[in-house]
Amino acid sequence: MQPSPYDIWATSDLVDLVKQRIEVTDGRLQAVFVVSRAIKGTRIGGEVADALDGYGLPILDARITQRVSYPGTAAAGTTVLDTEPAGDAAAEVRALMVQVKERLI
């Protein structure tokens, strides 16, 4: 989710649906928040975890920040892992992959 007040408020209905599904599946469904398009150095980017905490779902520490490289590579049909494997964007994606994999084990 994007760290903006509008996105945080809009998340409420989705979280309710996800929690219902988790209950129906006896916890087999897992859900977490992933903060994306965060803008480094902004107050909302830093406070988003506090705002999401009230929803009762885990929040991954890994953040995907707003970078030109993400839409640029998507438009070209590639990823930042392909075009900039040693770059900051690729490091963000790898950190996210590690945290998602940890949740699957």
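Refer to the structure presented above.
Residues numbered from 1 in each chain as written. Predicted model: local features only at pLDDT ≥ 70, side-chain atom pairs only at ≥ 80, totals over all residues. Heavy atoms only, no water.

## A few points about the overall build of the chain
Item 1. Scanning the chain from terminus to terminus reveals 5 helices and 2 strands.
Item 2. From first element to last, N terminus to C terminus, the chain shows the α and β order α-β-α-β-α-α-α.
Item 3. Viewed in the frame of its principal axes, the chain has a C-alpha envelope of about 40 × 35 × 20 Å.
Item 4. Sorting the 105 residues of the chain into buried and exposed places 29% on the buried side.
Item 5. Taking contacts inside the chain between residues at least 6 apart in sequence as the whole, the part at least 24 apart equals 63%.
Item 6. Accessible area for the chain stands at about 7,000 Å²; split by element, carbon and sulfur atoms hold 57% of it.
Item 7. Once the 11 positive and 14 negative side-chain charges of the chain are each reduced to a mean point, those two points are 3 Å apart. (Helix = DSSP H or I, 4+ residues; strand = E, 2+ residues; numbered from the N terminus. Buried < 20%, exposed > 50% of the residue type's maximum accessible area, 1.4 Å probe, protein only. Contact = heavy atoms within 4.5 Å. Areas by Shrake-Rupley, 256 points an atom, 1.4 Å probe, with all protein chains shown as cover. Lys, Arg positive; Asp, Glu negative; His and termini not counted. Charge placed at Lys NZ, Arg CZ, Asp CG, Glu CD.)

## Focus on helix α1 (residues 5–24)
Each α-helix turn comprises 3.6 residues. Residues three or four places apart therefore point the same way.
Item 1. Here α1 spans 30 Å end to end across 20 residues, near enough to the 28 Å set by a 1.5 Å rise per residue.
Item 2. S12 marks the point of greatest bend in α1, at about 35°.
Item 3. Taken together, the buried positions of α1 are occupied by I8, T11 and V15.
Item 4. Taken from the residues just after α1, D26 is the one with a positive phi, measuring 55°. (Expected span 1.5 Å × (residues − 1). Bend = angle between axes of the 7 residues up to and from the residue.)

## Structural notes on the environment of V80
Item 1. Structurally, V80 can be placed in helix α4 (residues 80–83).
Item 2. Once you skip the residues sitting within four places of it in the chain, V80 turns out to touch S69, Y70, T73, P85, A89, A90 and V93.

## Regarding unusual backbone geometry
Item 1. The phi angle at D26 is positive, at roughly 55°, despite the residue not being glycine.
Item 2. Residue position: D26 is located in the loop between α1 and β1 (33–38).

## A short note on the pattern of salt bridges
Opposite charge on two side chains makes pairing possible when the charged atoms of those side chains draw close.
Item 1. What the rule picks out here adds up to 2 salt bridges.
Item 2. Ionic pairing is found between E47 and R43, a salt bridge with its closest N-O pair at 3.4 Å. Highlighted residues: E47 and R43, both in helix α2 (residues 43–53), separated by 4 residues, approximately one helical turn.
Item 3. Close ionic contact of R67 with E92 constitutes a salt bridge, the shortest N to O distance being 2.9 Å. On the criterion of sequence distance, the pair formed by R67 in the loop between β2 (59–65) and α3 (69–75) and E92 in helix α5 (residues 88–104) is long-range, its members being 25 residues apart.
Item 4. Of the residues examined, E92 reaches a relative accessible area of 10% and is grouped as buried. (Salt bridge = Lys/Arg side-chain N within 4 Å of Asp/Glu carboxyl O.)

## Observations concerning the pairing of β1
Item 1. Two elements, β1 and β2, share 4 bridges in a ladder whose sense is parallel. Paired with S36 across the bridge in β2 is I64.
Item 2. Assessed by its sense of winding, the connection that carries the chain from β1 through α2 to β2 is right-handed. (Pairing = 2+ DSSP bridges. Right-handed = clockwise from strand over helix to strand, strands pointing away.)

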